[in-house]
Amino acid sequence: MEAEQQKQQPQRPRRKGQKRKLEDEAAAAAIAAAAAAAASSLGSAGADDDNEEEDSGSAAPPEICCRHSHAALAREVRTQVDVLLRCASSWRRADRAAAKRATHVLTELAKNEEVVNAIVEGGAVPALVRHLEEPPAAAAAAQEDQQLRPFEHEVEKGAAFALGLLAVKPEHQQLIVDAGALPPLVNLLRRHNNKTNSRVVNRLIKRAADAITNLAHENSNIKTVVRMEGGIPPLVELLESQDLNVQGAAAGALRTLAFKNDENKAQIVQCNALPTLILMLRSEDAAIHYEAVGVIGNLVHSSPNIKKEVLNAGALQPVIGLLSSCCTESQREAALLLGQFASAESDCKVHIVQRGAVRPLIEMLQSSDVQLREMSAFALGRLAQDKHNQAGIAYNGGLLPLLKLLDSKNGSLQHNAAFALYGVADNEDYVSDFIKVGGVQKLQDGEFIVQATKDCVAKTLKRLEEKINGRVLKHLLYMMRVGEKSVQRRVALALAHLCAPGDQRTIFIDNNGLDLLLDLLISMSSKHQQDGSAALYKLANKAAALSPMDAAPPSPTPQVYLGEQYVNSSTLSDVNFLVEGKRFYAHRIALLASSDAFRAMFDGGYREKDARDIEIPNIRWDVFELMMRVCAGNQRNCSGCT
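Quick caveat, the model's predicted, so the values are computed rather than measured.

1. Things to note about the overall build of the chain
Step number 1: Regarding its fold elements, the chain presents 37 helices and three strands.
Step number 2: Within the chain, buried positions represent 55% of all 642 residues.
Step number 3: For the chain, the share of sequence-separated contacts (at least 6 apart) that also reach a separation of at least 24 residues comes to 75%.
Step number 4: Counting only carbon and sulfur atoms, one obtains 49% of the accessible surface of the chain, whose full area is about 27900 Å².

Shown next as structure tokens:
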């Protein structure tokens, strides 16, 4: 029954730029912004540039924008590349300052995604890769003061930052790897052991981890190369960093490396990442628990053994706790992960509900965030395949929001909701509630986008039909007698479609269900008229299919029967119904005896009381004829009695 819900889990947020043609003004603005940022950050040599890593919001003056062109951008890139190549082997302060400035200018340019191609075409990649490593130690020994290493870690950080931005475009990922970037990037991750300037080192490590994330994003080959270069163990170690930015960057890289790569998943688990990741789930920092739940989600995806290890390590309760997070992204990832925990082969469905997951999941169904609704419906759909959980979902008010999601134009969201409703419909205790809130009509009237959803809805209706007996039927009949008028109508409409032929007399004659359907035909609402017409047609078809031996036992209620020959007969007819422009002959005395609805029409205050011709709109002739034969059959308890 269940179609495996394979939603690609989000990777680290990536910068999004508008995909439009490179214009002279955009290029000029990028050059001016880069130059201004570089000049500002390097105004005093050796200053610790706290703000250099933020996206520059500066814009070039209009007069500059008008003068620069694509050619100017290419010249600027070439200038900075030449500086990097010239200074690659030098520890001289002036050279290191120039290299730092060059990496910074290229970084500022690369923040404008429109000019990334021009940077790559200008030869920046190999030049930047060279600066992922420090100049040789021999170059430092040639310095007058061998103890000083100017801008130590900072040039490498700038190179890693720039390469990470260039790797945002998938077409550049392999080019950067082929230029030899991965080994030095992995080595940069290991600099956390260097205590000389922990702040600068942490920022360097963060940029290296971010670069690895962007290089490996949706690139299975590069993910494997990162593992072969030894990148996973240092990333796992960095999860325990005291710097939250480093923790988040390391988790983001592991999240990307784990997605759809079984060998990477296995190594991450073997490196004992799970205990730390589970601790990170409880972090008060939203960025930390978002990345941690993302890593765990990618680890367990399609990996039953890892799923068991994650559960055994104690992940269930902190994941449920994230359902109440103020971070929408963490809520979404937690719901997705709970849906994976509750997969068909898992035995923890009940545990998830017992630990308090149902109520927040139902609240998430009503979120304004489409993905949040989709993931919560996904989790509830998995949970609803357990009988006890079905009761919990219905009891906590899950039916109405799930039914509302059937109106969605999002195919995945619609299907997840339909699958959850399929599960809830299996619980006899809540079939009546399902019908009471109009669930059957919602399933019948829905416009479903994909065939899998249509099949799911058909099976749900079939499942409900199988439940209409015994105590369920008794409860429905009780509601049809004492419930509010709207509830009575919903029950009658549902039973017309779902009840067994043998129960039709009990429902529609002995408990006045037929009158409820006939009332709908004279309603001022066209929707009521259409629903009543469809229900009567369904009921009449069932009646016509019965043989005399199938007929129900006679009703003790006295009836008036004129004879089959008087159905639509002009003989002694005293009232005519006009249906689709055609005249249907009838007899008031027979209709008064057969139906409370007709009794009210002819013996009450309606205008039809004394009318000879009564128009019946919004019903097909064949439906009306079958309905009238049902009424005739109800008077004589023969094969037409249903």
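2. Quick look at the packing of aromatic side chains
Step number 1: As enumerated under the stated definition, the model contains four aromatic pairs in all.
Step number 2: Ring geometry for Phe584 versus Phe624: centroids 5.3 Å apart, planes at 90°, classification edge-to-face. Of the two residues, Phe584 is situated in strand E2 (residues 582-586) and Phe624 in helix H37 (residues 621-636); the sequence distance between them amounts to 40 residues.
Step number 3: Among the aromatic side chains, those forming a connected cluster through ring pairs are Phe577, Phe584, Trp621 and Phe624.
Step number 4: Positioned over the ring face of Tyr290 is Arg255, at 4.7 Å from the centre of the ring.

3. Digging into the UniProt feature "repeat: ARM" (unreviewed entry) in the chain
Step number 1: Mapped onto this numbering, the UniProt entry annotates "repeat: ARM" (unreviewed entry) at residues 123-181, 180-230, 230-266, 272-314 and 356-398.
Step number 2: End C-alpha to end C-alpha, residues 230-266 measures 14 Å, and it is 73% helix and 0% strand.

4. Observations regarding unusual backbone geometry
Step number 1: Despite not being glycine, Asn272 has its phi angle at roughly 65°, a positive value.
Step number 2: With respect to the helices and strands, Asn272 occurs in the loop between helix H15 (262-270) and helix H16 (274-281).
Step number 3: Of note in the backbone geometry, Asn512 takes a positive phi value of approximately 60° without being a glycine.
Step number 4: Looking at the element boundaries, Asn512 is found in the loop between helix H32 (504-510) and helix H33 (513-521).
Step number 5: Under the relative-accessibility criterion, Asn512 is labelled partly exposed at 37%.

5. Notes on the environment of His289
Step number 1: Relative to the elements of secondary structure, His289 occurs in helix H17 (residues 286-300).
Step number 2: Judged by its relative accessible area of 5%, His289 is buried.
Step number 3: His289 sits 38 residues away from Cys327 along the chain, and the two C-alpha atoms are 9.3 Å apart.
Step number 4: When near neighbours in sequence (up to four residues on either side) are disregarded, His289 contacts Met280, Leu281, Ser283, Leu322, Ser325, Cys327 and Ser330.
Step number 5: Within the structure, the side chain of His289 is placed 3.4 Å from the backbone oxygen of Ala286, a separation counted as a polar contact.

6. Notes on the pairing of E2
Step number 1: As paired strands, strand E1 (residues 575-579) and E2 are joined by five bridges and run antiparallel to one another. Residue Val579 lies in a different strand from E2, and its bridge partner there is Lys582.

7. Notes on the packing of helix H4 (residues 93-110) against helix H8 (residues 154-166)
For any two helices packed against each other, the geometry is given by the interaxial angle and the distance between the axes.
Step number 1: Axis separation between H4 and H8 bottoms out at 9 Å; the angle between their running directions is 20°. Judged on the interaxial angle alone, H8 and H4 are roughly parallel. As for how H4 packs across H8, the hand of that crossing is left-handed. Contacts between H4 and H8 involve Arg96, Ala99, Lys100, Thr103, Thr107 and Ala110 from the former and Glu154, Val155, Glu156, Gly158, Ala159, Phe161, Ala162, Leu165 and Leu166 from the latter.

8. Description of the environment of Ile296
Step number 1: Its location among the elements puts Ile296 in helix H17.
Step number 2: Of the residues examined, Ile296 reaches a relative accessible area of 0% and is grouped as buried.
Step number 3: Look past the residues within four positions of Ile296 in its chain and what remains in contact with it is Leu277, Ile278, Leu281, Val310 and Leu337.

9. Points about the pairing of E1
Step number 1: Counting buried positions along E1 yields four of five residues, so the element is predominantly enclosed.
Step number 2: Counted between consecutive antiparallel strands, the loop separating E1 from E2 contains two residues, among which Glu580 sits at a positive phi close to 50°.
Step number 3: Bridge analysis of E1 against strand E3 (residues 613-615) gives three bridges, and the strand direction is parallel. Pairing of Asn576 across the sheet is with Asp613, part of E3.

The rules we used
- Residues numbered from 1 in each chain as written.
- Predicted model: local features only at pLDDT ≥ 70, side-chain atom pairs only at ≥ 80, totals over all residues.
- Heavy atoms only, no water.
- Helix = DSSP H or I, 4+ residues; strand = E, 2+ residues; numbered from the N terminus.
- Buried < 20%, exposed > 50% of the residue type's maximum accessible area, 1.4 Å probe, protein only.
- Contact = heavy atoms within 4.5 Å.
- Areas by Shrake-Rupley, 256 points an atom, 1.4 Å probe, with all protein chains shown as cover.
- Phe/Tyr/Trp six-rings, centres within 6.5 Å; stacked < 30°, edge-to-face > 60°.
- Lys NZ or Arg CZ within 6 Å of the ring centre and 35° of its normal.
- UniProt positions renumbered as here; feature names shortened; annotations may be inferred.
- Polar contact = N/O pair within 3.5 Å; in protein donor to acceptor, adjacent residues only side chain to side chain.
- Pairing = 2+ DSSP bridges.
- Axes fitted to C-alpha atoms, helices over the stretch in contact; angles between N-to-C directions.
- Parallel < 35°, antiparallel > 145°, perpendicular 65-115°, else oblique.
- Left-handed = near helix turned anticlockwise from the far one by under 90°.

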